[in-house]
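If you want the building blocks of each chain, they are given just below.
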Amino acid sequence: MMEEPAAGPLTDGFGRRIDYLRVSVTDRCDLRCSYCLPKDFKGFETPANWLRHDEMTRLVRLFVELGVSKVRLTGGEPLLRRGVAGLARDIAAMPGLTDLSVSTNGTQLVRHAEDLHAAGVTRLNISLDTLDAAAFSQITGRDCLDAVLAGLDAARQAGFSPIKLNSVVHAATPEADVRRLLDYAVEQGFVLRLIEPMPMGECGRGFAHTDLNALGARLAADAGLVSALAGSGSGPARYWTTGQGTPVLGVITPMSRHFCATCNRVRLGVDGTLYLCLGQEDQVPLGRLLRDGASDAELTRAILAGIAAKPERHDFVSRPERIVRFMAQTGG
């Protein structure tokens with residue numbers, strides 16, 4: 001009789017505890033951010049290959065049983081997928097899960113914020129690269145900044161706190177735009193996180209990164225913020241806080257100061273592919289195994305084998321041409 005896999009915690013071959021799973025519910029998006037997807041991109045996954053919500057729930061449950069305590073629903077734009085609040089409700093009810101969050105571009109939040117909060121989503125990360133309407137249209141391909149700002153207001157009214165703004169900042173980003181975003185975040189009570197672009201796909205390689213450690217320190221000093229002794233939350237951001245310790249500004253620096261040694265996450269694509277590292281091709285076809293009739297025990301063994309083979313680090317600096325898939329195809 002085959003022995004059942006042991007329950008977690010999940011630990012990879014380098015001793016890192018893997019307790020964070022990002023789940024892409026769709027690879028579609030209603031924006032075409034220039035560093036993420038080409039404007040004419042049509043290579044989306046066939047909907048028939050998307051995991052159904054019950055299939056996603058099954059796989060997430062197996063990860064949670066193995067010790068994953070934090071789950072984030074992503075895309076593409078996750079709120080384009082029907083029934084996301086119901087999926088969130090099912091995941092939030094899993095014993096052992098302590099944090100369920102959603103990453104979104106904010107265009108659909110006016111309609112969905114209350115349902116997501118009621119479903120048990122605890123946190124939101126909302127993409128916002130600029131407060132200049134013309135620049136926003138140029139970056140995203142759509143004139144919908146007002147919709148995103150209205151979505152932010154709806155999220156706050158629904159009870160979400162903290163709300164994090166994710167802003168991709170590259171070498172050509174005007175510093176004045178970043179300062180304006182920081183002033184806005186302080187005024188609204190949001191947390192602004194500056195993110196270096198990664199060379200994923202041809203469009204991702206079109207944007208040179210700038211060292212955000214120096215920019216963050218400069219902005220923080222001007223705003224009277226102090227460096228936090230440790231990160232806040234489950235991610236890799238380094239923060240500056242108010243005198244009372246409330247995070248206000250963070251930087252995520254996969255290029256200038258990578259955080260691979262403390263990586264605690266893996267990603268599940270919309271078709272059930274388990275991606276072990278953004279900057280490598282290592283993956284496990286969990287969706288295919290599931291649809292071929294694999295039992296929970298067999299799926300668990302596949303998860304454990306994948307985690308054991310998780311790469312030590314990305315090759316974005318030394319081999320920027322390595323990853324040809326776009327971020328939306330992996331899950332943000």
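Not measured: the values here are computed from a predicted model.

Some details on the UniProt feature "binding site: [4Fe-4S] cluster 1" (unreviewed entry) in the protein chain
Argument step 1. Here the UniProt feature "binding site: [4Fe-4S] cluster 1" (unreviewed entry) sits at C29, C33 and C36. Among the annotated residues just listed, those that line the second largest cavity are C33.
Argument step 2. By the element assignment, C29 lies in the loop between β1 (20-24) and α1 (53-65).
Argument step 3. Along the chain, the position of C33 falls in the loop between β1 and α1.
Argument step 4. Of the residues examined, C33 reaches a relative accessible area of 15% and is grouped as buried.

A closer look at the side chain of E77
Argument step 1. Mapping E77 onto the fold places it in the loop between β2 (70-74) and α2 (84-92).
Argument step 2. For the buried E77, which has no salt bridge, the nearest side chain bearing the opposite charge is R111, at an N-O separation of 8.8 Å.
Argument step 3. A distance of 2.9 Å separates polar atoms of two side chains, one belonging to E77 and the other to T104.
Argument step 4. Once residues within four sequence positions are removed from consideration, E77 is found in contact with T26, R28, C29, D30, T104, N105 and G106.

Thoughts on empty space enclosed by the protein
Argument step 1. Following the criterion strictly, the structure yields two cavities of 30 Å³ or more and no others.
Argument step 2. Taken as a whole, the second largest cavity holds about 70 Å³ of empty space.
Argument step 3. Taken together, L31, C33, Y35, N105, S127, L128, D129, F136 and T140 form the lining of the second largest cavity.
Argument step 4. The residue inventory of the lining of the second largest cavity, partitioned by class, reads five nonpolar, three polar and one charged.

Re the pattern of salt bridges
Argument step 1. Applying the stated criterion to the full structure yields 15 salt bridges.
Argument step 2. Two residues, D153 and R156, come together in a salt bridge whose shortest N-O distance is 3.4 Å. Of this pair, D153 and R156 both sit in helix α5 (residues 145-158), separated by three residues, roughly a single helical turn.
Argument step 3. Residue classification places D153 among the partly exposed residues on the basis of a relative accessible area of 31%.
Argument step 4. Residue R156 is classed as partly exposed on the basis of its relative accessible area, which comes to 33%.
Argument step 5. One network of salt bridges, in which partners are shared, links R52, D54, E55 and R291.

Reading guide: rules and limits
- Residues numbered from 1 in each chain as written.
- Predicted model: local features only at pLDDT ≥ 70, side-chain atom pairs only at ≥ 80, totals over all residues.
- Heavy atoms only, no water.
- UniProt positions renumbered as here; feature names shortened; annotations may be inferred.
- 1 Å grid on protein atoms, 1.4 Å probe; cavity = no way out; pocket = protein on both sides within 12 Å on 5 of 7 lines; lining within 4 Å.
- Helix = DSSP H or I, 4+ residues; strand = E, 2+ residues; numbered from the N terminus.
- Buried < 20%, exposed > 50% of the residue type's maximum accessible area, 1.4 Å probe, protein only.
- Lys, Arg positive; Asp, Glu negative; His and termini not counted.
- Salt bridge = Lys/Arg side-chain N within 4 Å of Asp/Glu carboxyl O.
- Polar contact = N/O pair within 3.5 Å; in protein donor to acceptor, adjacent residues only side chain to side chain.
- Contact = heavy atoms within 4.5 Å.
- Points joined across faces, edges and corners; volume = space filled by probe spheres on them.
- Nonpolar A, V, L, I, M, F, W, Y, C, P; charged D, E, K, R; others polar.

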